[in-house]
Amino acid sequence: MLTVAAIAQLLIAAAFVSIPLVRHRYGAAAKAAAEAELNRQGVRPGVLAEHGMRFDAGGHETWAPLSIALVMVALAGLNLAAVPWGQTLTWICQVLVVIVNIVILYSNLTAAKSIEHAFAKTGDPELARIDARRFLAAAENAFPRWVMPWLQNARHAIVFGGSILVLVALIAA
């Protein structure tokens, strides 16, 4: 059963690695599309950079998912080696991965409202009038059709389903 847990953890690692890979490949196009939409809305160039908004694989969009992937690979190795404390670490880290993925899912679902709220808080009338839904839709449409919602939903299914499988496998081990 620990082998089943390890395989699921490797799949979860791959799911997290897909985030920076896709952003690296298509992020520049998404940024250009988002900036073009802001231009259509009459918003000054550079507003994305001013507020740290990016669609590429920079910053936390790379280090966070890659860190989670590395932890999953390390735990998979411990589980394949049947190291007893690896199971304890798996319980802790797997629950944390589920919580992190819930936060990611919530962030994805509330992105437009979060952007509207953040821009409104600046007090800048230009930012407050941005149609965040159109802005985000423009960026999302720059990614290939298989990314959103297919890859995004597959990633969540792998992380949630794989985590459940890992925990069930630990119980059965």
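Here the structure is a predicted model, which is why all the values come from computation and not from measurement. (Residues numbered from 1 in each chain as written. Predicted model: local features only at pLDDT ≥ 70, side-chain atom pairs only at ≥ 80, totals over all residues. Heavy atoms only, no water.)

Asker: Would you explain helix H8 (residues 146–172) in this entry?
Answerer: What sets the pattern is the α-helix's 3.6 residues per turn: residues three or four places apart point alike. Here H8 has its buried residues at Val-147, Gln-152, Arg-155, His-156, Val-159, Gly-162, Ser-163, Val-166, Leu-167, Ala-169 and Leu-170. On the buried face of H8, the contacting elements are helix H1 (2–40), helix H3 (60–80) and helix H4 (84–109). (Buried < 20%, exposed > 50% of the residue type's maximum accessible area, 1.4 Å probe, protein only. Helix = DSSP H or I, 4+ residues; strand = E, 2+ residues; numbered from the N terminus. Contact = heavy atoms within 4.5 Å.)

Asker: Explain the nonpolar core to me, please; I cannot follow it from the model alone.
Answerer: Membership of the largest hydrophobic core comes to 20 residues, with the highest contact counts inside it found for Leu-38, Phe-55, Ile-130 and Phe-135. At five residues, the largest contribution of residues to this core is made by H1. Other than its neighbours up to four places away in sequence, Phe-55 contacts Arg-23, Gly-27, Ala-30, Lys-31, Ala-34, Leu-48, Phe-135, Ala-139 and Phe-143. In this structure, Phe-16, Leu-78, Val-83 and Cys-93 belong to the second largest nonpolar core, which totals 14 residues. (Core = buried A, V, L, I, M, F, W, Y, C linked by side-chain atoms within 4.5 Å.)

Asker: Mind showing me how you'd approach the packing of H1 against H4 here?
Answerer: For any two helices packed against each other, one specifies the inter-axial angle together with the distance between the axes. Across the interface, H1 lies against H4 with an axial gap of 13 Å and an inter-helix angle of 35°. As H1 runs across H4, the sense of the crossing is left-handed. Side by side, H1 and H4 meet where Leu-2, Gln-9, Ile-12 and Phe-16 of the first sit next to Gln-87, Thr-90, Gln-94, Val-97, Asn-101 and Ile-104 of the second. Here the contact of H1 with H4 is built from residues that sort into five nonpolar, five polar and no charged. (Axes fitted to C-alpha atoms, helices over the stretch in contact; angles between N-to-C directions. Left-handed = near helix turned anticlockwise from the far one by under 90°. Nonpolar A, V, L, I, M, F, W, Y, C, P; charged D, E, K, R; others polar.)

Asker: Would you mind going over the pattern of salt bridges with me for this structure?
Answerer: Any two side chains of opposite charge can pair if their charged atoms end up close together. Counted according to the given criterion, the structure contains nine salt bridges. The shortest N-O distance in the salt bridge between Arg-40 and Glu-37 comes to 3.2 Å. Taken together, the residues Arg-40 and Glu-37, both in helix H1 and three residues apart, mark about one turn of the helix. A salt bridge links Glu-126 to Arg-44; its shortest N-O distance comes to 2.2 Å. With Glu-126 in helix H6 (residues 125–128) and Arg-44 in the loop between H1 and helix H2 (47–50), the pair connects residues that are 82 residues apart, well separated along the chain. Residue Glu-126 is classed as buried on the basis of its relative accessible area, which comes to 16%. One salt-bridge network, in which partners are shared between bridges, spans Glu-37, Arg-40, Asp-131 and Arg-134. (Salt bridge = Lys/Arg side-chain N within 4 Å of Asp/Glu carboxyl O.)

Asker: I'm lost on unusual backbone geometry in this one. Help?
Answerer: Most peptide bonds adopt trans geometry, and most residues besides glycine take a negative phi value. A cis amide bond, omega 10°, links Met-148 with the succeeding residue Pro-149. Looking at where Pro-149 falls in the secondary structure, it is placed in helix H8. Phi angles above zero are rare outside glycine, and Ala-82 is one such case at about 55°. Mapped onto the fold, Ala-82 is located in the loop between H3 and H4. Note on Ala-82: relative accessible area 44%, which makes it partly exposed.

Asker: Help me understand a nonpolar patch on the surface, please; the structure alone is not making it clear to me.
Answerer: A cluster of nonpolar side chains, namely Trp-85, Leu-89, Trp-91, Ile-92, Val-95, Leu-96, Ile-99, Val-103 and Ile-171, defines an oily patch on the protein surface of about 870 Å² accessible area. With eight residues, the single largest contributor to the nonpolar patch is H4. Secondary-structure assignment places Val-95 in helix H4. Owing to a relative accessible area of 38%, Val-95 belongs among the partly exposed residues under this scheme. (Patch = residues over 30% accessible without salt bridge, like charges linked within 9 Å, V, L, I, M, F, W, Y side chains within 5 Å. Areas by Shrake-Rupley, 256 points an atom, 1.4 Å probe, with all protein chains shown as cover.)

Asker: Help me understand the side chain of Gln-94 in this model?
Answerer: Topologically, Gln-94 is positioned in helix H4. For Gln-94, the side chain forms a polar contact with the side chain of Gln-9, separated by 3.2 Å. In this structure, Gln-94 is in contact with Gln-9, Ile-12, Met-72, Ser-163, Val-166 and Leu-167, ignoring residues within four places of it in sequence. (Polar contact = N/O pair within 3.5 Å; in protein donor to acceptor, adjacent residues only side chain to side chain.)

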